[in-house]
Amino acid sequence: MKIYVSNLAFGVADADLESLFAEHGAVTSAKVIMDRETGRSRGFGFVEMANDDEGNNAIRNLNNQSIENRNISVSIAKDKSQLGGGGSFGSGGNSSYKKRW
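Residues numbered from 1 in each chain as written. Predicted model: local features only at pLDDT ≥ 70, side-chain atom pairs only at ≥ 80, totals over all residues. Heavy atoms only, no water.

How do you make sense of helix H1 (residues 14-22) when you look at a structure like this?
Helical periodicity: at 3.6 residues per turn, an α-helix aligns residues three or four positions apart in one direction. Listed in full, the buried residues belonging to H1 are Leu-17, Leu-20 and Phe-21. Summarising the axial view, the buried residues of H1 lie within an arc of 90°, below the 170-degree limit, and thus occupy one face. Packed against the buried residues of H1 are strand S1 (2-6), strand S2 (27-34), strand S3 (41-49), helix H2 (52-62), strand S4 (66-67) and strand S6 (73-76). (Buried < 20%, exposed > 50% of the residue type's maximum accessible area, 1.4 Å probe, protein only. Helix = DSSP H or I, 4+ residues; strand = E, 2+ residues; numbered from the N terminus. Arc of directions from axis to C-beta. Contact = heavy atoms within 4.5 Å.)

Below is the structure:
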């Protein structure tokens, strides 16, 4: 089960995230997402847990908990295809961009 964690304090590292979730079950991976340009945390990350029951338990117990003085938000991660929107430049509905060719 892939879990999305947001509102992380900027000092939270991968190992911190892993140990937090390991209290609730077996963690396959834990990754805090970093900004490419600055190298700083973007304030969110992903945790993968081997067992769905343990993952759901972690979500219930950790959602809205205060970690480093910030209430984190924990939920099941959505696939990129479920997020919608996005796309490439100029591909959206009312875009004023017009192809020249």
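Before we go on, may I ask you to explain the side chain of His-24 in this structure?
Within the secondary structure, His-24 sits in the loop between H1 and S2. Under the relative-accessibility criterion, His-24 is labelled buried at 18%. The residues touching His-24, leaving out its near neighbours within four places in the chain, are Met-49, Glu-54, Asn-57, Ala-58, Asn-61 and Leu-62.

How should I be thinking about the sheet that holds S1 in this particular structure?
Either a parallel or an antiparallel arrangement is found when strands of a sheet pair, and the pairing is made through backbone hydrogen bonds. Strand order in the open sheet formed by 4 strands is S2-S3-S1-S6, with antiparallel pairing between adjacent strands. Every other strand in the sheet has two partners, leaving S2 and S6 as the edge strands with one partner each. Sheet twist, expressed as the mean angle between neighbouring strand axes with direction ignored, is 20°. Bridge analysis of S1 against S3 gives 5 bridges, and the strand direction is antiparallel. The residue of S3 that forms the bridge with Ser-6 is Phe-44. Seen against the sheet, H1 touches S1, S2, S3 and S6 and runs at an angle of roughly 140° to S2. (Pairing = 2+ DSSP bridges. Axes fitted to C-alpha atoms, helices over the stretch in contact; angles between N-to-C directions.)

So what exactly am I meant to see when it comes to the nonpolar core here?
Generally speaking, nonpolar side chains in soluble globular proteins are found buried as a group. Ranked by internal contacts, the top residues of the largest apolar core, which has 18 residues, are Ile-3, Val-5, Leu-17, Phe-21, Val-47 and Val-74. Of all elements in the fold, only S1, H1, S2, S3 and H2 reach the threshold of two or more residues within this core. (Core = buried A, V, L, I, M, F, W, Y, C linked by side-chain atoms within 4.5 Å.)

I keep staring at the pairing of S2 and nothing clicks. Help me out?
Consecutive residues of a regular strand have side chains that alternate between opposite faces of the sheet. Here S2 runs beside S3; their pairing, made up of 6 bridges, is antiparallel. Across the sheet, residue Met-34 finds its bridge partner in S3, namely Ser-41.

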